[in-house]
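Per-entry structural report
Spelled out from the first residue to the last, the chains are:
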Amino acid sequence: MQNQWDYYSMVGFAPETHSPEELERLTISPEDTALFLDFDGTLIDIAPTPDAIRIGDDDKKLLAALSERHNGAVSVVSGRNLKDVEQYLEEFTGTVSGGHGAELRHLAVQLPGIECDLERLEHIKNVVREFAIINPQLIAEDKSFGIVLHFRQDPSLEAKVREFLSGLVEGDDEFGLQPAKLAIEIKPKCISKAHVIERIMSFDEFAGRTILFAGDDETDEAGFAWVNEHGGVSVKVGDGLTCAHYRTQSPETFKHWLWSQTGATGS
Ligand SMILES: [Mg+2]
């Protein structure tokens with residue numbers, strides 16, 4: 001409970017929805033809805049390490065079917081690097097954001113990323129990598145605009161990781177902590193999925209539609225709050241405190257619901 005309170009005080013809002021509705025009760029209109037889909041834990045099962053995820057043919061078919069049905073108003077918004085998502089979703093030609101909104105590809109063109117102090121970022125990355133080397137249970141995941149420390153292989157290391165990373169960015173105006181599932185990331189404070197969703201909504205195929213944003217992680221809660229404030233629909237995948245309107249149990253049940261909205265049976 002202490003961790004949850006720390007998290008919500010950090011992001012500056014309290015959970016608004018204590019009992020999200022079952023997602024199965026929701027029906028969406030493909031003409032009026034823009035889909036924003038997180039990747040890990042939402043479309044794809046979380047794996048023991050970031051590079052151990054598995055993408056099935058059905059997953060690729062689902063994204064293609066959704067893109068066609070929503071007339072291109074489908075975006076994958078991931079915390080991973082853009083290049084990483086592109087590698088897993090080679091066939092997907094829609095809009096993709098990586099690095100929690102720091103990177104954006106639209107109509108096959110990568111748009112300029114955010115500006116930040118790259119020298120300071122490189123210093124932070126080096127210190128975090130060294131920390132992971134002397135604590136071999138930790139995995140440091142390099143991001144274009146940040147670095148993640150995963151303690152999935154030994155969750156008891158959370159307090160140690162939090163203390164170390166907090167010390168690294170204490171008093172820093174530009175970089176801050178982003179808690180995630182069994183991981184904590186350092187990233188520029190100015191980037192967020194909410195910002196990038198707002199930016200994507202200005203593109204022609206998205207403009208004027210109702211936003212549906214689905215995610216699984218603490219990193220998605222600020223995005224849910226923004227989407228709720230802007231008349232959209234938020235979907236939490238999995239357990240945990242959330243301010244999302246709807247909940248579904250797993251990537252599998254979420255994809256089942258998405259297939260049902262296409263009118264096809266899918267997987
Ligand atoms: Mg996720």
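Residues numbered from 1 in each chain as written. Predicted model: local features only at pLDDT ≥ 70, side-chain atom pairs only at ≥ 80, totals over all residues. Heavy atoms only, no water.

1. Section: the sheet that holds strand S5 (residues 103-106)
Hydrogen bonds between backbone groups are what pair the strands of a sheet, and the pairing can be parallel or antiparallel. Read across the open sheet, the nine strands follow the order S1-S13-S12-S11-S2-S3-S4-S5-S6; overall the sheet is mixed. Whereas interior strands pair on both sides, the edge strands pair on one side only; in this sheet they are strand S1 (21-22) and strand S6 (109-111). When strand S3 (residues 74-77) meets strand S4 (residues 95-98), the two strands line up parallel, connected through three bridges. By the bridge assignment, valine 77 is partnered in S4 with serine 97. In the packing of helix H2 (residues 57-69) onto the sheet, the strands contacted are strand S2 (33-37) and S3, and the crossing angle to S3 comes to about 135 degrees. On the sheet, helix H6 (residues 193-200) packs against S2, S3, S4, S5, S6 and strand S11 (210-215) and is oriented at approximately 160 degrees with respect to S3. (Pairing = 2+ DSSP bridges. Helix = DSSP H or I, 4+ residues; strand = E, 2+ residues; numbered from the N terminus. Contact = heavy atoms within 4.5 Å. Axes fitted to C-alpha atoms, helices over the stretch in contact; angles between N-to-C directions.)

2. Things to note about the coordination of the magnesium ion
Protein coordination at the magnesium ion: the donors are Asp38 (OD), Asp40 (O) and Asp216 (OD), at 2.1 to 2.2 Å from the metal. Positions of the donor residues of the magnesium ion, expressed as sequence spacing, correspond to D-x1-D-x175-D. Taken together, the residues span a long stretch of sequence, with aspartate 38 in the loop between S2 and H2 and aspartate 216 in the loop between S11 and helix H7 (221-229) at a distance of 178 residues. (Donors = N, O, S within 2.8 Å, 3.2 Å for Na, K, Ca; no water.)

3. Focus on a negative patch on the surface
A cluster of like negative charges, contributed by Asp57, Asp58, Glu90 and Glu91, occupies part of the molecular surface. When you line up the elements, glutamate 90 lands in the loop between helix H3 (82-88) and S4. When its relative accessible area of 66% is taken as the criterion, glutamate 90 is described as exposed. (Patch = residues over 30% accessible without salt bridge, like charges linked within 9 Å, V, L, I, M, F, W, Y side chains within 5 Å. Areas by Shrake-Rupley, 256 points an atom, 1.4 Å probe, with all protein chains shown as cover. Salt bridge = Lys/Arg side-chain N within 4 Å of Asp/Glu carboxyl O. Lys, Arg positive; Asp, Glu negative; His and termini not counted. Charge placed at Lys NZ, Arg CZ, Asp CG, Glu CD. Buried < 20%, exposed > 50% of the residue type's maximum accessible area, 1.4 Å probe, protein only.)

4. Topic: the domain arrangement of the protein
As assigned here, the protein comprises domain 1 (19-113 + 191-262) and domain 2 (118-188). Using only C-alpha atoms to locate each centre, domain 1 and domain 2 end up separated by 25 Å. The interface is formed by 16 residues belonging to domain 1 together with 16 residues belonging to domain 2. Counting the surface lost from both domain 1 and domain 2, the interface buries some 1400 Å², and carbon and sulfur atoms represent 55% of this. Interface area lost by domain 1 to domain 2 is led by Pro50, Asn81 and Ile191, which between them contribute 30%. Put simply, domain 1 and domain 2 have one salt bridge between them. In this structure, lysine 181 engages aspartate 216 in a salt bridge whose closest nitrogen and oxygen atoms are separated by 2.7 Å. In terms of residue class, the side of domain 1 that touches domain 2 is made up of six nonpolar, five polar and five charged. (Domains from an automatic or database assignment. Buried area = accessible area lost by both parts, 1.4 Å probe. Nonpolar A, V, L, I, M, F, W, Y, C, P; charged D, E, K, R; others polar.)

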